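A closer look at the structure
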Amino acid sequence: MIQVLSGQLLIGLINGSFYALLSLGLAIIFGLLNVVNFAHGAQYMLGAFVAWMGLRYLGVGYWWALLLTPVVVGLLGIVFERLCLRRLYGLDPLYGLLLTFGLALVLEGIFQNAFGISGNSYPVPALLQGGTNLGFMYLPRYRAWVVLVSLAVCFGSWFVIERTRLGAYLRAGTENPVLLQGLGVNVPLMFSLTYGYGVALAAFAGVMAAPIYQVTPLMGSSVIIVVFAVVVIGGMGSILGSILTGLGLGLVEGLTKFLYPPASDVVVFAVMALVLLVRPAGLFGRAR
Amino acid sequence: MSRTNRNFALIAALAVSTAGPAAAQVSDGVVKVGVLTDMTGAYSDLAGPGSVVAAQMAAEDFGGKVLGKPIVVISSDHQNKPDIASTTARRWFDEQQVDVIADLVTSSTALAVMPIAAEKRRITLLSGPGSTPIVGEKCTAYNVHYTYNTYAMAAGTGRAVVQQGGKSWFFITADYVFGKSLEADTSKVVEAAGGKIVGGVKAPFPTTDFSSYLLQAQGSGAQIVGLANAGADTINAIKQANEFGLTKKQSLAGLLVFLSDVHSLGLATAKGMYLTTAFYWDRDEASRAWSKRFFERAKKMPTMVQAGVYSELMHYFAAVQAAGTDDADKVMAKMREIPVNDFFAKNGRIGADGLHRHDMYLAQVKSPEESKYPWDYYRIVKTIPAAEAFEPPDPSCPLVKR
């Protein structure tokens, strides 16, 4: 019993680190730009597909993909921000939501048309194949890697934004962009880079996910809803909140899958409802 | 015109009318086929655009005409929604003179359209859907369930796996009607063959991450982990089962796996898995010849559903020809009377319940080393005779004589 439970908790932690990685990007974009990026799931899918296409057509392996894909997809994100998204900055966040939702539908449609619905399989890189028997469960090496890398990237991002000078500029930009620009900081460029970084994080998660899940056009739309719930529970825009909530919800979900599987796809939303009843701004959020 | 000439014309006209009394009996002067399928959703790879290609090939191969009247193929996307399917079917029947609707992948859409077709005396030829009530309590007199059903898939794979020594089973089941009926059908067969069910888990539908359920399957110690799900769920479950080393000690049995699933999984992941299929493109000379023509147009090898659409339509056209009319009652009688003999089925017979009983095949997925050319995916392990593959007529269907 204890053995089974610890296995389920570990799996919950693995899934939680995915949620954390994805919700981090969303939280950064919302927290700093006040944009609800509904294209996040599609950008995650794009990351997985770019990695797959690189391997299939250009022979670019997993390690290079891990490095290059976020750059490529992040640049696409910057182009989108420059051409479309920035025109909506002063407006109600609803407009940005609609625009990014539209982008998501277009991206998914294009990939569905080109690659079909069943998608493609991405192999686990040779170095990370196999696994270790922990006694209570068999831990695939790749999943251990996912946890380590996600945590490193999450806390690295948190550190940069909350504890460095660059992060201070970013936070200042959200508080008062006009004043910051007056001090000689190129605020529009900073906003572009911020959006690009959030998108790059989604693409990075996509590459991480490719060897585990089937690379399909709709892989993002199935995960994005949960990730949004994570961001809401953590407190919209709170970076540390979304990381910790992502991990925590992974654990809660893992437990539910073990105790009562039919509830596992709604437990996240039940938690969300409860949290919002008690703390409307989320666990780590500040009321605005 | 001279007198002799006129007489000759009269005789010729008489001769034509006796040879083909029904030339005038094709309603609206056209035989119209509507392919109603999932063009973009979860089943668009195993049916979808490929089913439309198959229908067009059938129309062309039959010569583009039946009883001298043109064959027209139209298609529409039902998005796996029963309400869209039934609205489209009504429009096709009432306004567009559609005589027959083919494919109807997803059982819920088939079950929605069948009673409408029966009421309007038009024919439904099902290839994609799999649920067994279609030829049971929900059967209609104007329906043919042509390619497969969940019983045939479950029985084929379940029995074969138990015979190979896979006695203890654990199920990972998609938590909705289809998954549960697939699990129930398989359990019956497994227990009848001397196997035993040691446990199971119901996974919400859809699920992307199966690791938690796979862990439970590993903990159960069962020899066989049966996957009572379909499409993306099956694909992800198989992929992750490999990742978690489940396939080292236990074996997977996919209960509803299509060629398109194996293609997208890749052989390295899917190798060794048993599955049941109604059709495999590389099985013999005839299936290869047709499939290569299909490949030319669709750029992929046909699944059993797509091959089934072609075969059922050829059978329908032949029945219209033989009946000398497109009158639904007479065509249905002919379709039941004439056995199906083509690259798809040998001596297939359509019963009073509408089920097309034909041989099925137990296949095993090849390893990457065994695969010699593109799409070389299955080894046919054995032929399951029609009588064993399909269930006897279900007495809950009113058309079945007790």
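For clarity, every value in this text was computed on a predicted model and none was experimentally measured. (Residues numbered from 1 in each chain as written. Chains lettered and ligands numbered in written order. Predicted model: local features only at pLDDT ≥ 70, side-chain atom pairs only at ≥ 80, totals over all residues.)

1. Observations regarding the overall build of chain A
Within chain A, the secondary structure is distributed over 11 helices and two strands. Helices (α) and strands (β) of chain A occur, in sequence order from the N terminus, as α-α-α-α-β-β-α-α-α-α-α-α-α. Each principal axis of the C-alpha distribution contributes one length, and for chain A these read about 60 × 50 × 35 Å. Nonlocal contacts in chain A, meaning residues at least 24 apart in sequence, comprise 77% of its contacts between residues at least 6 apart. (Helix = DSSP H or I, 4+ residues; strand = E, 2+ residues; numbered from the N terminus. Contact = placed C-beta atoms within 7 Å.)

2. Examining the overall build of chain B
In terms of helices and strands, chain B carries 15 helices and 15 strands. Here the C-alpha radius of gyration of chain B, 23 Å, is about what a compact globule of 402 residues would show, namely 21 Å. Here chain B holds 402 residues, and the buried ones make up 57% of them. Contacts in chain B between residues far apart in sequence, at least 24 positions, make up 72% of those at least 6 positions apart. (Rg over C-alpha atoms; globule rule 2.2 N^0.38 Å. Buried ≥ 20, exposed ≤ 12 C-beta atoms within 10 Å, placed from the backbone.)

3. Considerations on the packing of helix H2 (residues 48-61) of chain B against helix H12 (residues 285-298) of chain B
Residue and element names in this part refer to chain B. Relative to each other, H2 and H12 sit at 120°, their axes nearing to 10 Å. As the angle between them shows, H2 and H12 are arranged oblique. Taken as a pair, H2 and H12 cross one another with a handedness that is right-handed. Here Gly50, Val53, Ala54 and Met57 of H2 lie close against H12, whose contacting residues are Arg293, Phe294, Arg297 and Ala298. Its residues assigned to classes, the contact of H2 with H12 shows five nonpolar, one polar and two charged. (Axes fitted to C-alpha atoms, helices over the stretch in contact; angles between N-to-C directions. Parallel < 35°, antiparallel > 145°, perpendicular 65-115°, else oblique. Left-handed = near helix turned anticlockwise from the far one by under 90°. Nonpolar A, V, L, I, M, F, W, Y, C, P; charged D, E, K, R; others polar.)

4. A short note on the interface of chain A and chain B
Where the parts come together, the accessible area they lose is often given as the size of the interface. Across the contact, 32 residues belong to chain A and 32 residues belong to chain B. With five residues, helix H1 (residues 2-33) of chain A is the single largest residue contributor to the side of chain A that touches chain B. Residue classes in the side of chain A that touches chain B are distributed as 15 nonpolar, 15 polar and two charged.

5. Quick notes on the pairing of strand E3 (residues 69-77) of chain B
Residue and element names in this part refer to chain B. As paired elements, strand E1 (residues 31-37) and E3 share seven bridges and run parallel to each other. The residue bridging threonine 37 from the neighbouring strand is aspartate 77, located in E3. In this sheet, E3 lies alongside strand E2 (residues 65-66) in antiparallel orientation, the contact comprising two bridges. Pairing of lysine 65 across the sheet is with proline 70, part of E3. The antiparallel pairing of E2 with E3 creates a hairpin that spans two residues between the two strands, and leucine 67 there sits at a positive phi of about 50°. (Pairing = 2+ DSSP bridges.)

6. Observations regarding the environment of leucine 88 of chain A
Residues and elements named next belong to chain A. For leucine 88, the location among the structural elements is in the loop between helix H3 (62-83) and helix H4 (93-115). C-alpha of leucine 88 to C-alpha of leucine 99: the two residues are 11 residues apart in sequence and 9.1 Å apart in space. Non-local contacts of leucine 88, meaning those with residues more than four positions away in its chain, are made with Tyr95, Gly96 and Leu99.

7. As for the sheet that holds strand E6 (residues 143-145) of chain B
Residue and element names in this part refer to chain B. In space, the six strands of this open sheet follow the order E2-E3-E1-E4-E5-E6, with mixed pairing throughout. Of all the strands in the sheet, the pair left with one neighbour each is E2 and E6. Across the sheet, helix H3 (residues 82-95) lies against E1, E3 and strand E4 (100-103), angled at about 170° from E1, the strand it touches most.

8. Comments concerning the pairing of strand E11 (residues 274-277) of chain B
In summary, the side chains of a regular strand alternate between the two faces of the sheet. Residues and elements named next belong to chain B. Of the two faces of E11, the one carrying Tyr274 and Thr276 and the one carrying Leu275 and Thr277 are both buried. Pairing between E11 and strand E14 (residues 360-365): four bridges, direction antiparallel. Directly across from threonine 276, in E14, lies its bridge partner leucine 362.

9. Concerning the environment of methionine 314 of chain B
Residue and element names in this part refer to chain B. Here methionine 314 lies in helix H13 (residues 304-323). Exposure remark for methionine 314: the 20 C-beta atoms within 10 Å place this residue in the buried category. Taking the C-alpha atoms as reference points, methionine 314 and alanine 298, separated by 16 residues in sequence, lie 19 Å from one another. If near-sequence neighbours (up to four positions away) are discounted, methionine 314 is found in contact with Ala58, Asp61, Phe62 and Asp342.

10. A look at the domain arrangement of chain B
Residues and elements named next belong to chain B. Segmenting chain B into domains produces domain 1 (26-148 + 284-358) and domain 2 (152-277 + 361-389). The straight-line distance from the C-alpha centre of domain 1 to that of domain 2 is 28 Å. Tallying the contact residues gives 14 residues for domain 1 and 13 residues for domain 2. In terms of residue class, the side of domain 1 that touches domain 2 is built from six nonpolar, six polar and two charged. (Domains from an automatic or database assignment.)

11. Digging into the nonpolar core
Residues Ala48 of chain A together with Ala55, Val113, Ile172 and Leu313 of chain B are the most contacted members of the largest nonpolar core, which totals 223 residues. For this core, the element with the most residues is H1 of chain A, which contributes 16 residues. Residues lining this core come from more than one domain, with at least three contributed by each of domain 1 (26-148 + 284-358) and domain 2 (152-277 + 361-389) of chain B. (Core = buried A, V, L, I, M, F, W, Y, C linked by C-beta atoms within 7 Å.)

12. A few points about helix H7 (residues 211-220) of chain B
All names here are of chain B. Most of H7 is tucked away, with eight of its 10 residues classed as buried. Within H7, burial applies to Ser211, Ser212, Tyr213, Leu214, Leu215, Gln216, Ala217 and Gln218. At the C-terminal side of H7, glycine 221 shows a positive phi close to 75°.

13. Some thoughts on unusual backbone geometry
Residues and elements named next belong to chain B. Looking along the chain, the bond that leaves phenylalanine 205 and enters proline 206 is cis, with omega of -5°. The backbone of aspartate 28 shows a phi angle near 60°, a positive value even though the residue is not glycine. Considering the arrangement of structural elements, one finds aspartate 28 in the loop between helix H1 (3-19) and E1. One non-glycine residue, leucine 104, lies in the positive phi region at around 55°. Note that leucine 104 resides in the loop between E4 and helix H4 (107-119).

14. Some remarks on the packing of helix H5 (residues 150-163) of chain B against helix H6 (residues 177-192) of chain B
Residue and element names in this part refer to chain B. Two elements in contact, H5 and H6, have axes separated by 8 Å at closest approach and are oriented at 40°. In this view, H5 runs oblique relative to H6, as classed from their interaxial angle. Taken as a pair, H5 and H6 cross one another with a handedness that is right-handed. Between H5, through Thr150, Tyr151, Ala154, Ala155, Gly158, Arg159 and Val162, and H6, the contact on the second element is made entirely by Ser181, Leu182, Asp185, Thr186, Val189 and Val190. A per-class count over the contact of H5 with H6 returns seven nonpolar, four polar and two charged.

15. Things to note about the confidence of the model for chain A
Averaged over chain A, the pLDDT score is 92; the fraction of residues at 70 or greater is 99%. Taken element by element, chain A is modelled with least confidence in helix H6 (residues 165-175) of chain A, mean pLDDT 87, and with most confidence in H3 of chain A, mean pLDDT 97. (pLDDT = per-residue confidence, 0-100.)

16. Quick look at the confidence of the model for chain B
All names here are of chain B. The share of residues in chain B with pLDDT of 70 or more is 94%, and the mean pLDDT across the chain is 91. Within chain B, the element-level pLDDT minimum falls on H1, averaging 48, and the maximum on strand E5 (residues 123-126), averaging 98. Across residues 9-24, confidence stays below pLDDT 50; counting only partners more than four residues off in sequence or on other chains, it has eight contacts.

17. A closer look at helix H10 (residues 239-259) of chain A
The terminal C-alpha atoms of H10 of chain A lie 30 Å apart, and with 21 residues this matches the ideal 30 Å at 1.5 Å per residue to within 8%. Most of H10 of chain A sits out of view: 16 of its 21 residues are buried. (Expected span 1.5 Å × (residues − 1).)

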